[in-house]
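Each chain, letter by letter, is given below.
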Amino acid sequence: MVRVLALLRQAATTGHDWKKDDVLDVMLYLRCLSALIAGITVGCLGLEGLYIFLGFVGFNYTSMRLWMQYQGIESEDFAAPDGSDSANGPVWFEGFAQSLTLFVLSWVISYSIIGSL
């Protein structure tokens, strides 16, 4: 937990020398944190529909690209030696599936709780 908080604190400021594993970890943590907050927010507001889902997908992608730009991290630094994307796909999709799952889960749970009151 201490490492997670240290990485998130480091993610808020620029000028750090990032290790590849740390960047991937921070991207996962930031995505999951934003997914949890967004899911609870839209669930408590009673929002529903495809546009909310697609809006989160767009926000999730854009926020990570902007964070990488803010930190001065180039996605080419994570490319495979042959110049193609990494083995797991483009780096800006790191943690996408986990955050999408957390968003939908927190959205449904908070929507159901608020709807039952």
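Everything below is about the structure printed above this text.
Keep in mind it's a predicted model, so treat the numbers as computed, not measured. (Residues numbered from 1 in each chain as written. Predicted model: local features only at pLDDT ≥ 70, side-chain atom pairs only at ≥ 80, totals over all residues. Heavy atoms only, no water.)

Of all hydrophobic cores here, the largest spans 13 residues; its most connected members are Trp-18, Met-27, Trp-67 and Met-68. Secondary structure elements with two or more residues in this core: helix H1 (2–11), helix H2 (20–44) and helix H3 (50–71). What Met-27 contacts, discounting residues up to four positions off in sequence, is Met-64, Trp-67, Met-68, Val-91, Trp-92 and Glu-94. Formed by eight residues, the second largest nonpolar core is a distinct cluster that contains Ala-35, Val-42, Phe-96 and Trp-107. (Core = buried A, V, L, I, M, F, W, Y, C linked by side-chain atoms within 4.5 Å. Buried < 20%, exposed > 50% of the residue type's maximum accessible area, 1.4 Å probe, protein only. Helix = DSSP H or I, 4+ residues; strand = E, 2+ residues; numbered from the N terminus. Contact = heavy atoms within 4.5 Å.)

So, about the pattern of salt bridges. Under the counting rule described, the total for this entry stands at two salt bridges. The partner of Asp-22 in a salt bridge is Arg-3, with the nearest N and O atoms 2.7 Å apart. Here Asp-22 is found in helix H2, whereas its partner Arg-3 is found in helix H1, with 19 residues between them in sequence. Owing to a relative accessible area of 16%, Asp-22 belongs among the buried residues under this scheme. By relative accessible area, which is 42% here, Arg-3 ends up partly exposed. If you follow the salt bridges from partner to partner, you end up with Arg-3, Asp-22 and Asp-25 in one network. (Salt bridge = Lys/Arg side-chain N within 4 Å of Asp/Glu carboxyl O.)

With that settled, consider the packing of H2 against helix H4 (residues 96–116). Following both chains from N to C, one finds H2 and H4 inclined at 25°, their axes separated by 7 Å at the closest point. Accordingly, the angle class assigned to the pair H2 and H4 is roughly parallel. Seen along the crossing, H2 lies across H4 with a hand that is right-handed. On H4, the residues touching Leu-28, Arg-31, Cys-32, Ala-35, Leu-36, Ala-38, Gly-39, Ile-40, Val-42, Gly-43 and Cys-44 of H2 are Phe-96, Gln-98, Ser-99, Leu-102, Phe-103, Ser-106, Trp-107, Ser-110, Tyr-111 and Ile-114. Considering only residue class, the contact of H2 with H4 consists of 14 nonpolar, six polar and one charged. (Axes fitted to C-alpha atoms, helices over the stretch in contact; angles between N-to-C directions. Parallel < 35°, antiparallel > 145°, perpendicular 65-115°, else oblique. Left-handed = near helix turned anticlockwise from the far one by under 90°. Nonpolar A, V, L, I, M, F, W, Y, C, P; charged D, E, K, R; others polar.)

Turning our attention to H2. Since the α-helix advances by 3.6 residues per turn, residues separated by three or four positions end up pointing in the same direction. Spanning 25 residues, H2 covers 36 Å between terminal C-alpha atoms, matching the ideal 36 Å at 1.5 Å per step. For H2, the complete set of buried residues consists of Asp-22, Val-23, Leu-24, Val-26, Met-27, Arg-31, Ser-34, Ala-35, Ala-38, Gly-39, Val-42 and Gly-43. Tucked into the core, H2 has its buried residues touching H1, H3 and H4. (Expected span 1.5 Å × (residues − 1).)

Looking at Asp-22, its side chain comes within polar contact range of the side chain of Arg-3, at 2.7 Å. If sequence neighbours within four positions are ignored, Asp-22 has contacts with Arg-3 and Leu-7. (Polar contact = N/O pair within 3.5 Å; in protein donor to acceptor, adjacent residues only side chain to side chain.)

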